[in-house]
Amino acid sequence: MLRARSLLLLRLAAPAAGCGPAARLVPARLFAAAPPPPAATAAAVSAEPFINGSNSSYVEEMYVQWLRDPSSVHASWDAYFSRTAGGAGPGAAYMAPPSLAAPSANSLPVSALVAPMVGGAARVPGAAASENTIADHLSVVGVIRSYQIRGHLVARLDPLEIERKPVETASEIVVRGYMQNFDEQDMDTVFQLPSSTFIGGREKALPLREIVNRLEQAYCRSIGVEYMYINDLEQCNWIRQKIESPGIMQFTNDEKRLILARVARATGLESFLARKFSSEKRFGLEGGEVLIPAMKHIIDVSSAMGVESFVMGMPHRGRLNVLANVCRKPLEQIFAQFAALEVADEGSGDVKYHLGTYIERLNRVTNKNVRLAIVANPSHLEAVDPVVQGKVKAEQFYRGDSDGNKAMSILLHGDAAFSGQGVVYETFHLSDLPAYTTHGTIHIVVNNQIGFTTDPRLTRSSPYCTDVARVVNAPIFHVNGDDPEAVMHVCQIAAEWRNTFHKDVVIDIVSYRRNGHNEIDEPMFTHPFMYNKIKKMPNLTDKYSKKLIDEGTVNADEVKDVIDRYEKICEEALEASKKETQIYNKHWIDSPWSGFFEGKDPLKMSDTGVKEETLTHIGKRVSSAPPNAVDFVIHRGLQRVLNSRMEMVESRTVDWALAEAMAFGSLLKEGYHVRLSGQDVERGTFSHRHHVMHHQKVDMATYRPLCYLYPDQAQYTVCNSSLSEFGVLGFELGFSLTNPNALICWEAQFGDFCNTAQVIIDQFISSGQAKWVRQSGLTLLLPHGMEGMGPEHSSARLERFLQLCSEDPEYFPPFAADEFAIRQLSECNMIVANCSVPSNYYHILRRQVHMPFRKPLILMTPKSLLRHPRAQSSFDDMVEGTEFKRVLPDTAAAGQSPSGVRRVIFCSGKVYYDLEKAREDRGLQDQVAIVRVEQLSPFPFDEVKQQLDLYPADADIVWAQEEAKNNGAWAFVEPRFETTAAKAKVIRYVGRSCSASPATGSKTAHTKELNALLNEAFDL
């Protein structure tokens, strides 16, 4: 539009010589970059008597339409733009209305261009038109645009009608001053309709009264639409057509009966649960029951268009109803959750309104099979949003669904959470990123107009709870939840929008909450006015059935039959549930891995070493520029990195980056998908990885060596994420839930930043298997180490992850030696490691995929060790027959002659290299042994015991760490060392004192603290 405006202003100012009428037919001018308007433009514009600030936008719109098709605009505009294109100077293109004098030869009065009056005589040729004709046309267009922009502000959305606006106020809000020029007589004047509206259907002109009436019907009844901020004309016109077309919201009698049956089931279940379990919390859907037919209609329409898999995320309110009536979870399993039955299988379980499920069933409307999954969710509202998106993205990825035609996500929200939780914004901003898009999500807000006990006027600063969706140009459909047909209409539009444009869309179902926050909560304490109204509201089945009875669609007997049939189904299911003696957590799993566990020995670990030829091949590929592309210009600094890597490969050694590439590459060779996501992961925060090489002369030309190792390898995905931790980590967790045969890694820019994703770590990663019997092999790479970089770039908060581990510190597992490690892994809730050598990093990454089960892996990864000359490994530690080493014994003289050792220092991670150098500087290699605990959890009791038994009984046992005493691993390892030694030996702490801050911000203070640590460690 700006380009068109500049072009118009230029033509007004100084028409090009020789520019004839044919030039107006060239649409390419719309897209050509126009130069800035010359100085004469202002004078030119002021010379046109009808152009001013209030109507210039309309003139621009007319001009754009005229360029595309001169016949699409009024004849007066065609004449004006033709004169402009023909060379008319400033002010000369405009033709003033004619006088009362007879028209001169070869002239036509303006009145001939105006449609005849409805109910009156046609205008007589030669009669003078009103001087305000053009202004009237502009006002009509302004009225239409006003309804399109602001009609939602006065739509009848609230079933409670708490804030119903008077008609006069509503009119002023919408049309503002556009109707001031019209009186009652003008309401019957016929105006030509612009191409920006579809209210006319096949009619090209309508009386003003009918124009306003149709706009009221489209925008100010039970549906309010926000879409005019969308900057795509095709999308705007698509929505206009779906909303404005006459008769667009017509339902057949059969469709109305289906809506009634679904509404009756939704209200019937809530009523049944309220009677049978009156004292139980269930977070019912009363007041918002229309959600059930809404979701089912979306699934019906999407299924008809080819979608086969639906992944849903939702809060606790209404979950039982969705499970029963959308997914068709067996009612007896739902009712059994209300009984105090013992759990028959693994896991600690969760409350019934947090549980997920997975169902494959026939959609009776489309006669197609569909897969429905509701992802389990904690009480942390909206935390499940990115998890759902990651799960859907994985489904699309593994089935080659590049446009999202086969799998889609539906996210349900509460009004207070949708506007209040930041992860909603983070999730929206993943929606159009290539490595994260799910090609459109349908968001449904069950708008109860209250947040727990808080009035919506006190929970957000925006007019609507849905305003966050405007940032991604998602259309928003507000709809009255007590008008089921209007709700079905917007659901139809939303499903078709998603299928057409593959972009997000929001449905805001404005409803109410009949009870308090839960069924035993008293809402009258805080909202007496609202709840006095709610008490008088009939339920939705009664209200909608009355409408259908009144219009003759159904009779009272049919309604009663629908209600009674579902009541009977519920009673029979309740009786069946009473026969249950146990409940099973596995019945509620949301991500089943068909065939993964079958036929596997649960205690057999596959080999993590590979042939040396494989290591060499991968090493050379990632150390080379693109083959057969001599013109691909590599950065000189990167070329030095590649040369250094090639030298290491030829010397059979690896550093951290090369070990990681070999782990990834060998898994790809074996057919396992590898995905690495996070901030700056393509290059690596510390410029060490370089998995994406950039052409220095061609923008966006890249080469990814790990994608071209073998012709039949699995796909490698490495993608820089948005600057988000909560959203992106949740997304990668969801991705990991879909397919166990993949290595999914999320890397924090610095380990410290994972704390903004703590909800995902606490509620999903560490406890997901216990609560929901749901395994995940997600790997977290968290750069960690005290290196003088300040409080926010040092600690990945190792202590927090260790505290989340479920292992008993006072229990020494009585496992056989050859099964000790695998049994520990099988029984733990997650793995925490702090590796000190590249070979162990390589093995632990490969072990993630080669275990017969899946566990989350938390890895403290290095920073300075990435380039430390001693932090390198030989191929000998990575080839066939090698494996991950949970404990690394001392390799100096002390380890060879343990009898003379006076002190044994246990440590983990980077601090080993500081200790090793300090020992050499002091010449204590034969008196002090340094043992590295590479895997902290599960704690390697057996191997630690071997090391304790290796050294003299009177040797001093020390745990050294670089973190503060109240941080790091100390609190975790101390009781486990006591258990290992049967309290026969006391382990002593060496390290920094307790601190509120993870690290000092002073380089001098850091060095001083490190020296103090080393002096104490070797003070014999």
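For the structure itself, consult the block above.
Everything numeric in this text was worked out from a predicted model, so none of it was measured.

Visitor: Is there a simple way to explain the pairing of strand β17 (residues 716-720) in this structure?
Guide: Each regular strand displays side chains that alternate between the two surfaces of the sheet. The buried count for β17 comes to four of five residues, which makes it a mostly enclosed element. Judged from the five bridges that link them, strand β14 (residues 673-678) and β17 form a sheet pairing that is parallel. Bridging from a neighbouring strand, Arg675 pairs with Thr717 of β17.

Visitor: Just checking my understanding: could you explain helix α17 (residues 528-535) for this structure?
Guide: For an α-helix, the turn length of 3.6 residues means that residues three or four places apart are oriented alike. Within the sequence span of α17, burial applies to Met530, Tyr531 and Ile534. Down the axis, α17 shows its buried residues gathered within 90° of arc, on one side only. Structural note: α17 exposes Phe529 and Lys535 on the side pointing more than 90 degrees away from its buried face.

Visitor: It is not clear to me how unusual backbone geometry should be interpreted in this structure. Could you clarify?
Guide: Negative phi values dominate among residues other than glycine, just as trans dominates among peptide bonds. Here the bond from Ser937 into Pro938 is cis, since omega is 0°, no more than 30 degrees from zero. With respect to the element layout, Pro938 can be found in the loop between β26 (935-937) and α31 (941-950). One non-glycine residue, Arg797, lies in positive phi territory at about 60°. By the element assignment, Arg797 lies in the loop between β19 (779-783) and α26 (798-803). Located in the positive-phi region is Lys983, a residue other than glycine, with phi close to 60°. Relative to the assigned elements, Lys983 resides in the loop between α32 (970-980) and β28 (987-992).

Visitor: What's the story with the pattern of salt bridges in this structure? I'm lost.
Guide: Where charged atoms from two side chains of opposite charge approach closely, those side chains can pair. Within the structure shown, the criterion is met by 50 salt bridges. Ionic pairing is found between Asp300 and Arg262, a salt bridge with its closest N-O pair at 2.8 Å. In this pair, Asp300 is assigned in helix α10 (residues 291-304) and Arg262 in helix α9 (residues 253-276), connecting sequence segments 38 residues apart. Both residues of the pair, Asp300 and Arg262, count as buried. Here Glu1009 makes a salt bridge to Arg992, at a shortest N to O gap of 2.6 Å. With a gap of 17 residues between them, Glu1009 in helix α33 (residues 1003-1017) and Arg992 in strand β28 connect regions that are remote in the sequence. Counted as one network, the salt bridges with shared partners bring together Lys256, Glu485, Lys547 and Glu551.

Visitor: Whenever I open this one, the environment of Ala953 confuses me. Can you help?
Guide: Here Ala953 lies in the loop between α31 and β27 (956-964). Along the sequence, Ala953 and Ala984 sit 31 residues apart, while their C-alpha atoms lie 9.1 Å from each other.

Visitor: Got a minute to help me understand the packing of aromatic side chains in this structure?
Guide: Counted according to the given criterion, the structure contains 31 aromatic pairs. Relative to Phe735, the ring of Phe397 has its centre 6.1 Å away and its plane inclined at 55°; by these criteria the two rings are tilted. With Phe397 in helix α13 (residues 384-398) and Phe735 in helix α23 (residues 726-738), this residue pair connects regions lying 338 residues apart in the sequence. With relative accessibility at 1%, the residue Phe735 sits in the buried group. Considering the side-chain rings of Tyr436 and Phe731, the 5.1 Å spacing of their centres and the 65° angle between planes classify their relative orientation as edge-to-face. Residue Tyr436 is found in the loop between α15 (422-428) and β9 (441-447), and its partner Phe731 is found in helix α23; the two are separated by 295 residues along the sequence. Through a chain of ring-to-ring contacts, the aromatic side chains of Phe812, Phe815, Phe820, Phe906, Phe939, Phe941, Trp959 and Phe977 assemble into a single cluster.

Visitor: Any chance you could explain the packing of helix α5 (residues 133-150) against helix α7 (residues 208-219) here in plain terms?
Guide: Between α5 and α7, whose axes approach to 10 Å, the crossing angle comes to 10°. In this view, α5 runs roughly parallel relative to α7, as classed from their interaxial angle. Between α5 and α7, the contacting residues are Val140, Val143, Ile144, Tyr147 and Gln148 on the first element and Leu208, Ile211, Val212, Leu215, Glu216 and Tyr219 on the second. Residues of the contact of α5 with α7, tallied by class, amount to nine nonpolar, one polar and one charged.

Visitor: Which parts of the structure should I look at to understand a negative patch on the surface?
Guide: On the surface, a cluster of negative charge is made up of Asp607, Glu613, Glu880 and Glu883. With respect to the secondary-structure elements, Glu883 resides in the loop between β22 (873-874) and β23 (887-888).

Thresholds applied
Residues numbered from 1 in each chain as written. Predicted model: local features only at pLDDT ≥ 70, side-chain atom pairs only at ≥ 80, totals over all residues. Heavy atoms only, no water. Buried < 20%, exposed > 50% of the residue type's maximum accessible area, 1.4 Å probe, protein only. Helix = DSSP H or I, 4+ residues; strand = E, 2+ residues; numbered from the N terminus. Pairing = 2+ DSSP bridges. Arc of directions from axis to C-beta. Salt bridge = Lys/Arg side-chain N within 4 Å of Asp/Glu carboxyl O. Phe/Tyr/Trp six-rings, centres within 6.5 Å; stacked < 30°, edge-to-face > 60°. Axes fitted to C-alpha atoms, helices over the stretch in contact; angles between N-to-C directions. Parallel < 35°, antiparallel > 145°, perpendicular 65-115°, else oblique. Contact = heavy atoms within 4.5 Å. Nonpolar A, V, L, I, M, F, W, Y, C, P; charged D, E, K, R; others polar. Patch = residues over 30% accessible without salt bridge, like charges linked within 9 Å, V, L, I, M, F, W, Y side chains within 5 Å. Areas by Shrake-Rupley, 256 points an atom, 1.4 Å probe, with all protein chains shown as cover. Lys, Arg positive; Asp, Glu negative; His and termini not counted. Charge placed at Lys NZ, Arg CZ, Asp CG, Glu CD.

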